[in-house]
Amino acid sequence: AYVAQQLNAWIGALVKEFDFDGVRVDTVPEVKPAFWKSFNAAAGTFAVGEVFNGDIDYVSPFQGAALDGVLSYPMYFQLRNVYASQQPFAELQTLSDAMPDKFSDTSVLGSFVGNHDNPRFLNARGDRAAYRNALLHMLFNPGIPIVYYGSEQGFFGGSDPNCREIMWTSEYDTSNDLYTFLKAAIAARKSTAAWNLPYPKYWYADDTFGLFSRGPGVLVATTNVGGNSGDVSQTVFLGGTVSDGTQFCDALGSGACVTVSGGQIAVTLSGGEPQLLVMQ
């Protein structure tokens, strides 16, 4: 009880002193949920906790019982399965569909593709186009996106400590392809206010292509074929929710635009690159 009292007093003082917007809590399952509930209250701010496990039924009860939010490790493992290991997109669809029933609030889950505890994505698969697809999915997935430092520099370290590279060796390059991609994708996330959009509905998922909507106006089209592939094309039925003649254009700068016809759109992803199709 004394230790709990001291820790709660400490976090409350720390947040007050530095005016933090939130705190990230390590190794949540190592401590009883009741303590974390009091710790979250003492912080007086948002708290997201690490529950390092891919089983949604294990992870989800910690939200609410312990902290406001948890890191979305179940989604992390599926993103890596699909984009790095080239597993079918149906795996993402199944998990995405299950999450609202399992978590009390998907909007405050910590969404990520890499962190300091796991090998970098590019260590698992050294394909930057595939990585951009995974990053786009993460940024437009519900939750709070967490971009691990060095992601924008193409760091490719393996298991800890190799995934904790020294940042300044990159010279903070703002011109490389991953930096400019993330800049464009984050700008699009802000301009569409993605955090206010409805929960994703998957319109299409096969072995190499996936498209999901955030409401009727934003479509996220991704592929896992990688940068050395040819075009990936699919015609996707939009469930009768968008009128014929409606145009969608890629907000990531490719210049691609598609028009709804017969309730469908024909999407072509070139060179393994994703598209963020925004209603015009």
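Residues numbered from 1 in each chain as written. Predicted model: local features only at pLDDT ≥ 70, side-chain atom pairs only at ≥ 80, totals over all residues. Heavy atoms only, no water.

Asks: I tried to follow the side chain of Ser-72 on my own but got confused; where do I start?
Replies: Relative to the helices and strands, Ser-72 resides in the loop between strand S3 (69-70) and helix H5 (73-84). Relative accessible area serves as the criterion here: at 3%, Ser-72 is assigned to the buried category. Aside from chain neighbours lying at most four places away, what touches Ser-72 is Met-99, Leu-109, Gly-110 and Phe-112. (Helix = DSSP H or I, 4+ residues; strand = E, 2+ residues; numbered from the N terminus. Buried < 20%, exposed > 50% of the residue type's maximum accessible area, 1.4 Å probe, protein only. Contact = heavy atoms within 4.5 Å.)

Asks: Looking at this structure, I do not really get the nonpolar core. What am I missing?
Replies: Among soluble globular proteins, nonpolar side chains are generally buried collectively. Grouped together as the largest cluster of nonpolar side chains are 52 residues, with contacts concentrated most on Phe-121, Phe-140 and Leu-276. Here the element with the most residues in this core is helix H8 (residues 128-140); it accounts for 8 residues. Dropping the residues within four chain positions of it, Phe-121 is found in contact with Arg-80, Tyr-83, Ala-84, Val-113, Asp-127, Ala-130, Tyr-131 and Ala-134. Counting 16 residues, the second largest nonpolar core, distinct from the first, contains Val-232, Val-236, Leu-238 and Val-258. (Core = buried A, V, L, I, M, F, W, Y, C linked by side-chain atoms within 4.5 Å.)

Asks: What should I look at first to understand helix H2 (residues 33-43) in this one?
Replies: Since there are 3.6 residues in each turn of an α-helix, residues three or four apart along the chain are aligned in direction. Within H2, the full set of buried residues consists of Phe-35, Trp-36, Phe-39, Asn-40 and Ala-43. Along the axis of H2, the buried positions cluster into a sector of 135 degrees, meaning they face one direction only. Turned more than 90 degrees from where H2 packs its buried face, Ala-34 and Ala-41 sit exposed. (Arc of directions from axis to C-beta.)

Asks: So what exactly am I meant to see when it comes to the sheet that holds strand S1 (residues 22-25) here?
Replies: Ordered by their spatial adjacency, 3 strands build an open sheet running S1-S2-S3, and the pairing between neighbours is parallel. Single-partner strands in this sheet number two, and they are S1 and S3. Where strand S2 (residues 46-49) lies against S3, 2 bridges are found, and the strand directions are parallel. The residue of S3 that forms the bridge with Gly-49 is Val-70. (Pairing = 2+ DSSP bridges.)

Asks: I keep staring at the pattern of salt bridges and nothing clicks. Help me out?
Replies: Once the charged atoms of two side chains with opposite charge are near each other, the side chains can pair. Tallying each qualifying case throughout the model produces 9 salt bridges. Between Arg-132 and Asp-177 there is a salt bridge whose closest N-O contact spans 2.5 Å. Here the residue Arg-132 occupies a position in helix H8, and Asp-177 occupies one in helix H9 (residues 177-191), the gap between them amounting to 45 residues. The exposure class of Arg-132 is buried, given its relative accessible area of 10%. Given a relative accessible area of 31%, Asp-177 falls into the partly exposed group. Between Asp-160 and Arg-164 there is a salt bridge, and its shortest N-O distance comes to 3.1 Å. Using a relative accessible area of 40% as the deciding quantity, one classes Asp-160 as partly exposed. One salt-bridge network, held together by shared partners, links Arg-128, Arg-132, Asp-177 and Glu-273. (Salt bridge = Lys/Arg side-chain N within 4 Å of Asp/Glu carboxyl O.)

Asks: I tried to follow the state of the cysteines on my own but got confused; where do I start?
Replies: Here, the word disulfide means a covalent bond between the sulfur atoms of two cysteines. Counted according to the given criterion, the structure contains 1 disulfide. A disulfide bridge connects Cys-249 with Cys-257, and the sulfur atoms are separated by 2.0 Å. On the sign convention where negative is left-handed, the bridge of Cys-249 and Cys-257, at about 110 degrees about the S-S bond, is right-handed. Owing to a relative accessible area of 13%, Cys-249 belongs among the buried residues under this scheme. (Disulfide = S-S within 2.5 Å.)

Asks: Would you mind going over the sheet that holds strand S7 (residues 209-213) with me for this structure?
Replies: Strand pairing in a sheet relies on backbone hydrogen bonds. The paired strands run either parallel or antiparallel. Reading across from one edge, S6-S7-S8-S13-S10-S11 is the order of the 6 strands in this open sheet, with antiparallel pairing throughout. Only two strands of the sheet have a single neighbouring strand rather than two, namely strand S6 (201-205) and strand S11 (257-259). Each strand of the sheet is rotated relative to its neighbour by a mean of 20 degrees, with strand direction disregarded. Note that strand S10 (residues 247-250) and strand S13 (residues 275-279) share 3 bridges and pair antiparallel. Bridge assignment links Asp-250 to a residue of S13, and that residue is Leu-277. (Axes fitted to C-alpha atoms, helices over the stretch in contact; angles between N-to-C directions.)

Asks: Looking at this model, I keep getting lost on the pairing of S1. Mind explaining?
Replies: On a regular strand, one side chain projects to one face of the sheet and the next to the other, so that they alternate. Taking every second residue as pointing to the same face, the buried face of S1 carries Val-23 and Val-25, while none of Gly-22 and Arg-24 on the other face is buried. Where S1 meets S2, 4 bridges bridge the pair, whose relative direction is parallel. By the bridge assignment for S2, Arg-24 is matched with Val-48. Handedness of the S1-H2-S2 crossover: right-handed. (Right-handed = clockwise from strand over helix to strand, strands pointing away.)

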